[in-house]
Amino acid sequence: MFKILDTYELGPRMHYVLMDAPLIARKAQAGQFVIVRVSEKGERIPLTIADYDRAQGTVTLVFQEAGKTTCALGAMKKGDSLHDLLGPQGNPTETEKFGHAVVIGGGIGVAPVYPLARALKEKGNKVTSIIGYRSKEHIFWEDKMRAVSDQLIIATNDGSYGRKGFVTDMLKGLMDSNEKVDIVFAIGPAVMMKAVCDMTKPAGIKTIVSLNSLMVCGMGMCGACRVSVGEKTKFTCMDGPDFDGHQVDFALLMKRLETYKSEECSCQGGVHGGR
Amino acid sequence: MAVDKKAVPMREQPVHERIRNFNEVPLGYSEEEALREASRCMQCSKKPCVDGCPVHIDIPAFIKALREKDFQKGIDILHANDSLPCITGRVCPQEEQCQAVCVMKKMGDPISIGRLERFLADRDMQNRVQGKAPRPPAVAKKNKKVAVVGSGPAGVTCAAELAKKGYAVTVFEGYHKLGGVLVYGIPEFRLPKAIVETEIRLLEELGVTFVTNALIGRAMTIEELMKDGYAAVFVGAGAGLPNFMGIPGENLNGVYSANEFLTRVNLMKAYLFPDYDTPVKRGKNVAVVGGGNVAMDSARTALRLGADRVFLIYRRSEKEMPARAEEIERAREEGIDFRLLTNPVRYIGGSDGFVKQVECVKMELGAPDASGRRSPVPVPGSEFTIDIDEAIVAIGNTPNPIIPRTTPGLKIKKRGEIEADDDGRTSIPGVFAGGDIVTGAATVITAMGAGRKSAQAIDNYLTAQK
């Protein structure tokens, strides 16, 4: 069993969970994920590692209630235990000194962007972070992000905090300002990552995305997480989750994410297996 | 006395009942039936069956003991070469192994060796569960730790043998549940999961430690295990990523790999959704592509999930099918629609992203290929479509890539298998490997044989180290 050391709400239906997981913390790196199963009859879902503390032996998970498992996880309390926790899975994000790196996080995707921005900063990059939320009440980790960014741009869809607009509007502003951008990392809903790639591709800016495909095993066996990248079938858990965004077939990804839409669960609007 | 040419049939669930449930199909021999079948054995001096068995069980000896109602002696003979006879009695392809060479075949049916094995093993398991079986003799503990990677047939067998030799064995399993392919791959109706659970529990009583949610290669590498004090490591990591044909439409919704489909149903118990959380599509018209046991398992599972029609699409003829004759027979009885000498060309989807049709082409058999099977070639202009709402691709898999990718110095073959000799020795001293990770997809008994051989080799290696 894997104990929850702390948990609280970050925003509407958004949760922070601190897990006691020394073995995972020892190895975790930015870009990797864990597979979570809340109960004996539970499904396996992937959640991106939002932070880790090797000395304390903890990993941080941040997620939005989107399906049965994330709802159940959201209802858990400090001291409760997860039935199963596997990780760290997937390949770490490759970070080096690129120059000017722009990291973009949308909604809950801000969480995995944090350790990435930190890693990029540690490698000596100039880090511009663009983080977007629906509205002011959804904002989390502003301070943490500021601490690892040379420049932080916050956007809300409704303009209730920071600048009004989508992360792509902010990216456009940055690109229009003629500031040289060497690489873009985007983590968030598939539709957001697609929009970012549509913008950076004509400009020839390398863009890495972290794909959130459905998974079952998460360890290179079942093939549930397959995606099409450069017209080749790839497996998110083994080949990813990071891919060259300009090669990803986002339309296919979005369709596949809807596979179990008709098997709706008791949780409002939820689908199974989502990240 | 004339020997009965016909084997004693095994009772099984009637077809109309079993296609609506996941319970085991063959029901096992009663004592009377087992004795009657055992009495057919000629106890011939040539014993071809022993060589036909991949782990060389002394088959005539266990049958003789059974005949004399010395059931304990019978099970001891089985256990001398086979740690999990409850499982092999069910899933071994006996008709291609021990039973294929039985001298009785010249006169009639071969001896039903697998059924007799199952009878003894089931009886023994019941006794062990009830505490009636004699305790295994206590062995002197050796002060050496061995790590086993993977809890499938290879790993579990290796762990059992090493524990019997007194080693402190820890088995690391990536999944949340133990048993590997025995729990995620082989369906309940062919191998009840309670049997696997019991075998594992008995191994725990033998002193083996099991750790789940521990994927070696990610959380810990083999190098780290050895630094951690494990004197040797056995890698039985098994199957990896599923193969696809690379035809258009394979990533449409409703197209599964057999691995995913069976994992959802068997390991995650999607057939009990929504009581269990994991869903699976329950197609009404399902195409299964492939001709092996996994294809048969997938087809029969789809039927039990409520399909009206299940098409089994295979590019060669029935003769070339790698599946067990018994499984092909059962699938046919259950109404699986065999579309032989047929190959998918593409899947056609609707605007909702789900598969709607599979386009196929007729095949004919040409010259034999490298495997000796006649290779199928498409018949030009013979394309046709079948309306489906689900497809399951069961055309094999590659070895699991995690250990090969994360173990520097470990020699890997071209297709991703770990290079190992007959005793499982890899290119790294102290690291042994066996099962599908070495051979590519094979049978449970082959993997168990490899696990057993490696256990002996590990014992030799560690003894020589002193």
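## Quick look at the overall build of chain B
Tallying secondary structure elements over chain B gives 17 helices and 16 strands in all. Taken against the 2.2 N^0.38 rule, which gives 23 Å for 466 residues, the C-alpha radius of gyration of chain B at 23 Å falls within 12% of a compact globule. Along the longest, intermediate and shortest principal axes, the C-alpha atoms of chain B span 70 × 65 × 50 Å. Buried residues in chain B amount to 59% of all 466 residues. Sequence-distant contacts in chain B: of pairs separated by 6 or more residues, those separated by 24 or more amount to 69%. Counting only carbon and sulfur atoms, one obtains 52% of the accessible surface of chain B, whose full area is about 18,700 Å². In chain B, which carries 63 positive and 59 negative side-chain charges, the distance between the mean positions of the two groups comes to 3 Å.

## Thoughts on the domain arrangement of chain A
All names here are of chain A. Parsing chain A into structural domains produces domain 1 (2-89), domain 2 (100-210) and domain 3 (214-252). Once you take the C-alpha centre of each, domain 2 and domain 3 turn out to be 23 Å apart. Along the contact surface separating domain 2 from domain 3 lie zero salt bridges. Of all the secondary-structure elements, those providing two or more residues to the side of domain 2 that touches domain 3 are α6 (190-203) and β13 (206-210).

## Regarding the sheet that holds strand β1 (residues 145-149) of chain B
Residues and elements named next belong to chain B. With respect to topology, five strands assemble into an open sheet ordered β3-β2-β1-β4-β16, the strand pairing being parallel. The open sheet has two edge strands, β3 (209-211) and β16 (431-433), and neither has a second partner. For this sheet, the mean inter-axis angle between neighbouring strands, taken without regard to orientation, is 20°. In this fold helix α8 (residues 153-164) packs onto β1, β2 (168-172) and β4 (230-235), with an angle of close to 170° to the strand it touches most, β2.

## Side note on the environment of Val103 of chain A
Residue and element names in this part refer to chain A. Topologically, Val103 is positioned in strand β8 (residues 100-106). It is 17 Å that separates the C-alpha atoms of Val103 and Asn178, two residues lying 75 residues apart in sequence. Not counting the four nearest positions on each side in its chain, Val103 is found in contact with Val113, Leu116, Ala117, Leu120, Val127, Thr128, Ser129, Ile130 and Phe185.

## Some remarks on the interface of chain A and chain B
Listed as interface residues are 44 residues of chain A and, on the opposing side, 46 residues of chain B. Summed over both partners, the interface of chain A with chain B buries about 3,900 Å², with 52% contributed by carbon and sulfur atoms. Across the chain A-chain B interface, the total number found is five salt bridges. Between Glu224 of chain B and Lys27 of chain A there is a salt bridge whose closest N-O contact spans 2.6 Å. Counting every contact that joins chain A to chain B gives 25 residue pairs in polar contact (both at pLDDT 80 or more). Broken down by secondary-structure element, the contributors of at least two residues to the side of chain A that touches chain B are α1 (22-27), β7 (84-89), β14 (226-229), β15 (232-235), α7 (236-239) and α8 (250-257) of chain A. Taken together, the residues of the side of chain A that touches chain B sort by class into 16 nonpolar, 13 polar and 15 charged.

## Concerning the packing of aromatic side chains
A full pass over the atoms with the stated rule returns twelve aromatic pairs over all chains. A centroid spacing of 4.4 Å and a plane angle of 15° characterise the contact between Tyr8 of chain A and Tyr16 of chain A, whose relative ring orientation is stacked. Relative accessible area serves as the criterion here: at 10%, Tyr16 of chain A is assigned to the buried category. A centroid spacing of 5.8 Å and a plane angle of 75° characterise the contact between Tyr133 of chain A and Phe140 of chain A, whose relative ring orientation is edge-to-face. A single burial state applies to Tyr133 of chain A and to Phe140 of chain A, both of which are buried. Among the aromatic residues, those joined into a ring-pair cluster are Tyr114, Tyr133, Phe140 and Trp141 of chain A. Here the guanidinium or amino end of Lys144 of chain A rests over the ring plane of Trp141 of chain A, the centre of that ring lying 4.1 Å away. Against the face of Phe189 of chain B rests Arg304 of chain B, its NZ or CZ located 4.0 Å from the ring centre.

## Considering the pairing of strand β12 (residues 183-187) of chain A
Residues and elements named next belong to chain A. Of all five residues in β12, five are buried, a share of seventy percent or more. The side-chain alternation of β12 yields two buried faces, one formed by Ile183, Phe185 and Ile187 and the other by Val184 and Ala186. Two strands pair when backbone bridges link them, and β8 and β12 are joined in this way by five bridges, in the parallel orientation. Within β12, the residue paired with Ala101 across the bridge is Ile183. Each parallel crossover has a hand, and for β12 linked through α6 to β13 it is right-handed.

Procedures and definitions
- The written sequence of each chain sets the order in which its residues are numbered from 1.
- Starting at A for chains and at 1 for ligands, labels are handed out in the order in which the entities are written.
- Where totals are concerned, whole chains, interfaces and linings use all residues; where local detail is concerned, this predicted model gives features only for residues with pLDDT of at least 70, and gives and counts side-chain atom pairs only at 80 or more.
- Hydrogens and water are ignored here; the side-chain numbers use all heavy atoms of the structure.
- In this description a helix means any DSSP run of H or I spanning at least four residues, a strand means any run of E spanning at least two, and both kinds are numbered starting from the N terminus.
- Values of the radius of gyration come from C-alpha atoms, whereas the globule rule sets the reference at 2.2 Å times the count of residues to the power 0.38.
- Throughout this description, buried means an accessible area under 20% of the type-specific maximum (1.4 Å probe, protein chains only), exposed means over 50%, and partly exposed covers the range between.
- Only heavy atoms matter for contacts: two residues are in contact if any of them lie within 4.5 Å across the pair.
- Note on areas: Shrake-Rupley, 1.4 Å probe, and residue coverage restricted to the protein chains presented here.
- In this tally Asp and Glu are treated as negative and Lys and Arg as positive; neither His nor the chain ends contributes.
- Working definition for charges: the position is that of NZ of Lys, CZ of Arg, CG of Asp or CD of Glu.
- Domain boundaries shown here were taken from an automatic or database domain assignment.
- Here, a salt bridge means any side-chain nitrogen of Lys or Arg that lies within 4 Å of a carboxyl oxygen of Asp or Glu.
- Two strands make a pair as long as DSSP finds a minimum of two bridges between them.
- As a rule, the C-alpha atoms of each element are fitted with a line to give its axis, helices using only the stretch in contact, and angles between N-to-C directions run from 0 to 180 degrees.
- Buried area: the sum, over both parts, of the accessible surface (1.4 Å probe) that disappears when the two are put together.
- Pairs of N or O atoms within 3.5 Å make up the polar contacts considered here, provided that, within protein, one atom can donate a hydrogen while the other can accept it, and that residues adjacent in sequence are counted only when both atoms are side-chain atoms.
- Ten residue types, Ala, Val, Leu, Ile, Met, Phe, Trp, Tyr, Cys and Pro, are classed as nonpolar, four, Asp, Glu, Lys and Arg, as charged, and the remainder, Gly among them, as polar.
- Side-chain rings of Phe, Tyr and Trp (the six-membered ring for Trp) are treated as a pair once their centres are within 6.5 Å; stacked means planes under 30 degrees apart, edge-to-face means over 60, and tilted covers the remaining angles.
- Note on geometry: a ring has a charge over it if NZ (lysine) or CZ (arginine) is within 6 Å of the ring centre and within 35 degrees of the ring normal.
- When the strands point away from the viewer and the connection leading from the first strand across the helix to the second strand turns clockwise, the crossover is called right-handed.

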